[in-house]
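Coordinate analysis (summary)
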Amino acid sequence: METRTGEAVAPARPGSLSPSRASDFMQCPLLYRFRVIDRLPEKPSAAATRGTLVHAVLERLFDSPAGERTVPRAKALVPGQWDRLRTAKPELADLFREPDATPNAPGREETEAERLARWLTEAEGLVERWFTLEDPTRLEPAERELFVEAELPSGLRLRGIIDRVDVAPTGEVRIVDYKTGKAPRPEYAEGALFQMKFYALVVWRLKGLVPRRLQLVYLGSGDVLTYDPVVADLERVERKVHALWDAIRQATDTGEWRPRRTKLCGWCDHRAVCPEFGGTPPPYPLPLVPGATGSAPEIGAGRSTGPEQGRMGPD
């Protein structure tokens, strides 16, 4: 297989776990295989790319002095961050060439320029809504887009990217994550918090410190979801992560990756090679482990509301 730059990448056994890839496996083990082991290409989506753009704008806004963190300043960052993103990912040039399923003007197909302009306006709207949820003039993040990695006592490596870390004068830590989609219904809140508890587990294992608060900021609906974890929460997450990793290792050894049909299949790029849709997966690229038997156990699926929730690409 090759990367987008043409550089060959040899398939390898998974060596670490991130919240995104854990969610992939809980959603559909075969999706995890396609993304982590086969590394099948995926077309960029307007929704996920918008998430990446909004994250970049909110990160860069804190480069300005507190008094200059205003709505006009934030909106002014959108075009420049879009140019930077497009330069870093040339494949985004084709993102607006094809009409989407919800044209802005019924009866007349939008031009590429009109689709891009509408999309940028939507991104600006999400950025503006953030100001109704948090006051950036009163925030001085300790970290932004922080890559974290920790090795558990078992040897399992956990990794991820935290959108923002705030540290109070008392030393208390708040972990903040921006979501460009809508907040989940209350019955799905636990699934939404899994990613944040995962980050809290990493911070706890790295620093010996339990974050005071976990905060999800939903720009799509204007909601803020918070949770104050305790050690028992993180111990439960650690057990769940180990169960996930055991299931991933078993599937890796046996080559048995179960597809799981959900409502999210409509957003999947891999239906053509998915047995649930009449397709055949590519040949398994890893050697099977002699004596490994059985299918990976079922792990409770997490829930996402679609591809707009976070940034584009793996963390």
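This part covers the confidence of the model for the chain. Summary statistics for the chain give a mean pLDDT of 89 and a share of 87% for residues scoring 70 or more. Here residues 1-6 scores under 50 on pLDDT; set against residues more than four positions off or in separate chains, the count is 13 contacts. In the model, residues 301-305 has pLDDT below 50 throughout and makes nine contacts with residues more than four positions away in sequence or in other chains.

Further remarks concern unusual backbone geometry. Look at R39: it is not a glycine, yet its phi comes out positive at around 55°. Structurally, R39 is set in the loop between α2 (29-37) and α3 (46-61). Here E145, not a glycine, exhibits a phi torsion of approximately 50°, which is positive. Structurally, E145 is set in strand β1 (residues 143-151). Residue E145 is classed as partly exposed on the basis of its relative accessible area of 22%.

On the secondary structure map, E134 appears in the loop between α5 (112-133) and β1. Only 2.7 Å separates the side chain of E134 from the side chain of W130, close enough to count as a polar contact. Side-chain polar atoms of E134 contact the side chain of Q215, separated by 3.0 Å. In this structure, E134 is in contact with L139, R164, V176, Y178, Q215 and V217, ignoring residues within four places of it in sequence.

About the cut-offs
- Residues numbered from 1 in each chain as written.
- Predicted model: local features only at pLDDT ≥ 70, side-chain atom pairs only at ≥ 80, totals over all residues.
- Heavy atoms only, no water.
- pLDDT = per-residue confidence, 0-100.
- Contact = heavy atoms within 4.5 Å.
- Helix = DSSP H or I, 4+ residues; strand = E, 2+ residues; numbered from the N terminus.
- Buried < 20%, exposed > 50% of the residue type's maximum accessible area, 1.4 Å probe, protein only.
- Polar contact = N/O pair within 3.5 Å; in protein donor to acceptor, adjacent residues only side chain to side chain.

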